[in-house]
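Secondary and tertiary structure notes
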Amino acid sequence: MTDDAAVDGTEEGTGNRRLSLLLAMAMFVLVVDTSLMNVSISNVVHDLGTTVSAVQSAIALEALISAAFILINSKVGDLIGRKRAYILGLLAYAIGALAMTVAQGIAAIVIFWAIIGGLGASLLLPAMQSLIHGNFEGAAQKKTYALVGASAAIAAAVGPLLGGFLTTYLSWRVGFLLEVLVIAIILSQIKLVKDVPYTGDRHFDIVGAILSVIGMGGVVLGILVWQEGGDYVVLLIVLGALALAAFARWLVRRHREGKVTVLDPDLFRLPHFRLGISAQTLQNITLGGAMIALPIFLQIKLEYNAMQTGLSLAPLSLTMFAMAILAGKRSGHRRSASVIRIGFALSTLGMALLIPIVPRASSGWYLVVPLMIAGAGLGLLVSQLNNYTLAPIDEERISEAAGVNSAAGSFGLSFGLAMAGGILLATLSVAFTNMVNDSSVIPASQQQQISKTLEHDAEVMSNTQLEELVKHEPPAVQAEILKINTDSTNLALQVGLLIPILAGGLGLVNSFRMMRLPDIKPSAAAEAAALG
């Protein structure tokens, strides 16, 4: 080998390592993005003059857009080129993040961050999967998948703390500005990415794509419209359910005719895949429900700033990260289904323990033990579910199966965010009104006026803010209103937590069905995809 050749080989190796790092940076931005919003809800509400329910709806909508379009944009990436899809996804995400740095109202957040950013994520995730597979081989490919997976796990663990620090000591806008800068760095090195040509069928299942979007979108949008007091809630949810049923029938019929489909329905004939997808959805409903209900509670009842909120959520996120790493290395000969069963049992137990603690919690310290238990359970699930789900998939279909797996997770997250947040806020509003009307301290002549004045604002008001609003009332009435606000907030969180508890319980039941199936050793391609 000549000296020139040796230099070229070194440069190529360095380039590959640099590309691995850039892909991991892209994944970090994707995962940390939602954490920035969760811990900054109160600040965003205050700065933009909006409501908690509006911000919560935007967070759920972003996850929904990503879920609803990930299968479609996976095919779009095949047709326009994976590298081009990767670039467009990064640009869309950067537009969403940049809009957050200058937004003056909730409409800008919904349009640019939730919709355009969500579309960017749905382009980015499948494109990254294909680019890793096409730009790396052998050990380098597995290391890159591992690095990208580790980046996602670290982002999930430190996201609340990072977001809390930036929001409290700088501004919530700074976090999104940093996202833009990271994406600019990634795009500046885009020449390192080699495009991966698509050689499959270039036809597109338009009807299936539309039905999948209407199906997932109708269910979650119906919940979001309900919490905002809009019309046609039942119609939207029924439309979504009917579209999902029609989507399933369409896939089966079109596949039987030998035509191209958005996804291969035969994947769901595999019991491991079918049960794994169900578990993936339920795990993310549990996580999404907890990660919207707890920040709202911490920032309203305990009046925590973003940093305090992030620190209070750290036992959940850090324990989840640590357990995922530990279980991934030391699961030994223990069956994946057994670990998944323990994971759902612990996550459900941790969430359930919060119910009696909520009324007594005067600081985040009260939540530490339950959140660590729940985090340990979620970490066990993270360590096993992807491998379990993708184990029976052959190499030719692994990319498609991984896309379905990602879509199921994103849909579960959006459903958990919407359902838990919507029920929490609706309970808070109804409970506040009913408690005011039933009060023997507040004069009957004032009950209706106070209810109308505070029913809408109560969802964003701590007791300190409420004191300012009712300062002209007699002392006894002031004290009664503050007590009602505290009691209704406690009840609202307890009811909101029923969503992750129910999802965890269903996951536990599902895990017993998993235990009846034999173990399958995943292929190298499945293991690599699971790491990513």
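Here the structure is a predicted model, which means the values were calculated and not measured.

With that settled, the discussion passes to the overall build of the protein chain. Counting its secondary structure elements, the protein chain contains 19 helices and 0 strands. Taking as baseline every contact in the protein chain between residues at least 6 positions apart, the subset at least 24 positions apart corresponds to 84%. When the accessible surface of the protein chain is split by element, carbon and sulfur atoms take 64% of a total near 22500 Å².

Looking now at the side chain of Thr 261. In this fold, Thr 261 is placed in the loop between helix H9 (233–256) and helix H10 (271–300). A residue is classified by how much of its surface remains accessible, and Thr 261, at 16% relative accessible area, is buried. A polar contact of 2.8 Å, which involves the side chain of Thr 261, links it to the backbone oxygen of Leu 263. Leave out the neighbours within four places in its chain, and Thr 261 touches Asp 205, Leu 251, Arg 254 and His 255.

This brings us to the environment of Ser 212. Mapping Ser 212 onto the fold places it in helix H8 (residues 206–227). Its relative accessible area of 1% is what places Ser 212 among the buried residues. Residues Ser 212 and Val 262, spaced 50 residues apart in sequence, show a C-alpha to C-alpha distance of 8.8 Å. Every residue in contact with Ser 212, bar those within four places of it in the chain, is listed here: Ala 68, Ile 72 and Phe 247.

For the rest of this paragraph, the subject is the environment of Arg 360. Positionally, Arg 360 belongs in the loop between helix H12 (336–357) and helix H13 (368–390). Placed 130 residues apart in sequence, Arg 360 and Asn 490 show a C-alpha to C-alpha distance of 9.0 Å.

What characterises a pair of aromatic rings is the spacing of the ring centres plus the angle enclosed by the ring planes. Counting across every chain of the model gives 4 aromatic pairs. Here the aromatic rings of Phe 165 and Tyr 169 are separated by 5.2 Å at their centres, their planes lie at 50°, and the arrangement is tilted. A residue pair is termed a helical-turn pair when its members lie 3 or 4 positions apart in one helix, as Phe 165 and Tyr 169 do in helix H6 (residues 138–169) at 4 residues. Taking the relative accessible area as the measure of exposure, Tyr 169 reaches 54% and is therefore exposed. With a centroid separation of 6.4 Å and 80° between ring planes, the pair formed by Trp 172 and Phe 176 is classed as edge-to-face.

A separate point is the pattern of salt bridges. Once the charged atoms of two side chains with opposite charge are near each other, the side chains can pair. A full pass over the atoms with the stated rule returns 5 salt bridges. The salt bridge involving Arg 82 is made with Asp 78; its shortest N-O contact spans 2.8 Å. With relative accessibility at 10%, the residue Arg 82 sits in the buried group. Residue Asp 78 is classed as buried on the basis of its relative accessible area of 13%.

This part covers a nonpolar patch on the surface. Residues Leu 79, Ile 80, Leu 88 and Leu 91 make up a contiguous nonpolar surface patch of roughly 280 Å² in combined accessible area. For the nonpolar patch, the elements supplying multiple residues, two or more each, are helix H3 (52–80) and helix H4 (82–102). Relative to the assigned elements, Leu 88 resides in helix H4.

Moving on, we get to the nonpolar core. In this structure, Met 37, Ile 41, Ile 59, Ile 109, Trp 113, Phe 176 and Met 514 are the most contacted members of the largest nonpolar core, which totals 80 residues. Considering each element in turn, this core owes the most residues, 14 residues, to H10. The contacts of Trp 113, once residues within four sequence positions are left out, are Asp 33, Met 37, Ala 58, Ile 59, Glu 62, Gly 96, Met 100, Ala 108, Gly 118 and Phe 176. One finds Leu 90, Ala 121, Leu 124 and Ile 183 within the second-largest nonpolar core, a separate group that totals 28 residues.

A few words now on the packing of H4 against helix H5 (residues 106–135). At a minimum axis distance of 7 Å, the contact between H4 and H5 shows a crossing angle of 150°. Here H5 runs roughly antiparallel to H4, going by the angle between their axes. Between H4 and H5 lies a crossing whose hand is left-handed.

On to helix H2 (residues 41–48). Those residues of H2 that sit buried are Ile 41, Val 44, Val 45 and Leu 48. Take H2 and look down its axis: the buried residues cluster within an arc of 100°, on one side only. Directly beyond the C-terminal end of H2, a positive phi value near 65° is found at Gly 49.

The next subject is unusual backbone geometry. Backbone geometry at Glu 303 places phi at a positive 55°, although glycine is not the residue there. Structurally, Glu 303 is set in the loop between H10 and helix H11 (306–330). Exposure remark for Glu 303: the relative accessible area of 34% places this residue in the partly exposed category.

A separate point is H9. In this model, H9 (24 residues) spans 35 Å end to end at C-alpha, consistent with the 34 Å of a helix rising 1.5 Å per residue. Taken together, the buried positions of H9 are occupied by Val 233, Gly 240, Ala 243, Phe 247, Trp 250, Leu 251 and Arg 254. Directly after H9, the chain includes Gly 258, whose backbone phi takes a positive value near 75°.

A few words on the confidence of the model for the protein chain. The pLDDT averaged across the protein chain works out to 84; a share of 89% of its residues lies at or above 70. Across residues 1–15, where pLDDT falls below 50, the model places 2 contacts with residues more than four positions away in sequence or in other chains.

Checked against the element boundaries, Gly 117 lands in helix H5. For Gly 117 and Ala 97, which are 20 residues apart along the polypeptide, the C-alpha to C-alpha distance reads 7.6 Å. If near-sequence neighbours (up to four positions away) are discounted, Gly 117 is found in contact with Glu 62, Ala 92, Tyr 93 and Phe 112.

Calculation rules
Residues numbered from 1 in each chain as written. Predicted model: local features only at pLDDT ≥ 70, side-chain atom pairs only at ≥ 80, totals over all residues. Heavy atoms only, no water. Helix = DSSP H or I, 4+ residues; strand = E, 2+ residues; numbered from the N terminus. Contact = heavy atoms within 4.5 Å. Areas by Shrake-Rupley, 256 points an atom, 1.4 Å probe, with all protein chains shown as cover. Buried < 20%, exposed > 50% of the residue type's maximum accessible area, 1.4 Å probe, protein only. Polar contact = N/O pair within 3.5 Å; in protein donor to acceptor, adjacent residues only side chain to side chain. Phe/Tyr/Trp six-rings, centres within 6.5 Å; stacked < 30°, edge-to-face > 60°. Salt bridge = Lys/Arg side-chain N within 4 Å of Asp/Glu carboxyl O. Patch = residues over 30% accessible without salt bridge, like charges linked within 9 Å, V, L, I, M, F, W, Y side chains within 5 Å. Core = buried A, V, L, I, M, F, W, Y, C linked by side-chain atoms within 4.5 Å. Axes fitted to C-alpha atoms, helices over the stretch in contact; angles between N-to-C directions. Parallel < 35°, antiparallel > 145°, perpendicular 65-115°, else oblique. Left-handed = near helix turned anticlockwise from the far one by under 90°. Arc of directions from axis to C-beta. Expected span 1.5 Å × (residues − 1). pLDDT = per-residue confidence, 0-100.

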